[in-house]
Amino acid sequence: MSGTEEMSLDELREEIEEIDRELVELIARRTYVAGTVAQVKADQGLPTTDESQEARVMERAGENAETFDVDANLVKAIFRLLIELNKVEQRESR
C-alpha cells in the first residue's frame, strides 16, 4: 500500500469518527427532547407509550431510509432501539 492510499484511509477514518460524533450528538439531542415529551405527558396525565406516534416514527424512518438509499430494515431497527431506550428512561423518570 502506498503512502497516498494510507493517507486516504486515514482521512476516511477521520471522516467516520466525525460522523460518529455527530450521530452521538443527535442521539443525545433526541433523548433530551424525548425526555421533555415524557415530562409533558406526565404533567398532562398521558400514558408513556403512544403506539400511533411510534408507528409514525417508524414510517418516517423507512421513508427517510429510502430517500437516502439506506437499508430501511437497518434504519427501522435503529429507531426501534432508540424508541425502547426512550421508553425505559420515561418509565424510570416517573
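Residues numbered from 1 in each chain as written. Predicted model: local features only at pLDDT ≥ 70, side-chain atom pairs only at ≥ 80, totals over all residues. Heavy atoms only, no water.

With respect to the overall build of the protein
Per the secondary structure count, the protein includes three helices and zero strands. Counting from the amino terminus, the protein carries its helices and strands in the arrangement α-α-α. The globule rule puts the C-alpha radius of gyration for 94 residues at 12 Å, and the 18 Å found for the protein is more than 25% above it. With the C-alpha coordinates of the protein rotated into their principal frame, the extents come out at 65 × 25 × 15 Å. (Helix = DSSP H or I, 4+ residues; strand = E, 2+ residues; numbered from the N terminus. Rg over C-alpha atoms; globule rule 2.2 N^0.38 Å.)

Comments concerning a negative patch on the surface
A surface patch of negative charge is lined by Glu 6, Asp 10, Glu 11, Glu 14, Glu 17 and Asp 20. Here Glu 17 is to be found in helix H1 (residues 3-43). For Glu 17, a relative accessible area of 57% gives the class exposed. (Patch = residues over 30% accessible without salt bridge, like charges linked within 9 Å, V, L, I, M, F, W, Y side chains within 5 Å. Areas by Shrake-Rupley, 256 points an atom, 1.4 Å probe, with all protein chains shown as cover. Salt bridge = Lys/Arg side-chain N within 4 Å of Asp/Glu carboxyl O. Lys, Arg positive; Asp, Glu negative; His and termini not counted. Charge placed at Lys NZ, Arg CZ, Asp CG, Glu CD. Buried < 20%, exposed > 50% of the residue type's maximum accessible area, 1.4 Å probe, protein only.)

Examining a nonpolar patch on the surface
Taken together, the side chains of Phe 68, Val 70, Leu 74 and Ile 78 make up a nonpolar region of the molecular surface, amounting to roughly 400 Å² of accessible area. Of note, Leu 74 is situated in helix H3 (residues 72-93). Of the residues examined, Leu 74 reaches a relative accessible area of 48% and is grouped as partly exposed.

Quick notes on the pattern of salt bridges
Within this structure, the stated rule accounts for four salt bridges. Residue Arg 21 pairs with Glu 25 through a salt bridge whose shortest N-O separation is 3.3 Å. Residue Arg 21 and its partner Glu 25 are located together in helix H1, separated by four residues, close to a single helical turn. A relative accessible area of 44% means that Arg 21 is categorised as partly exposed. Of the charged contacts, one joins Lys 87 and Glu 54 as a salt bridge, the two residues approaching to 3.4 Å between their closest N and O atoms. With a gap of 33 residues between them, Lys 87 in helix H3 and Glu 54 in helix H2 (residues 51-67) connect regions that are remote in the sequence. For the pair Lys 87 and Glu 54, a shared accessibility class is recorded, and that class is buried. Through salt bridges that share partners, Glu 18, Arg 21 and Glu 25 make up one connected network.

Some remarks on unusual backbone geometry
If a residue is not glycine, its phi is most likely negative; likewise, a peptide bond is most likely trans. Even without being a glycine, Asp 69 presents a positive backbone phi close to 55°. Looking at the element boundaries, Asp 69 is found in the loop between H2 and H3.

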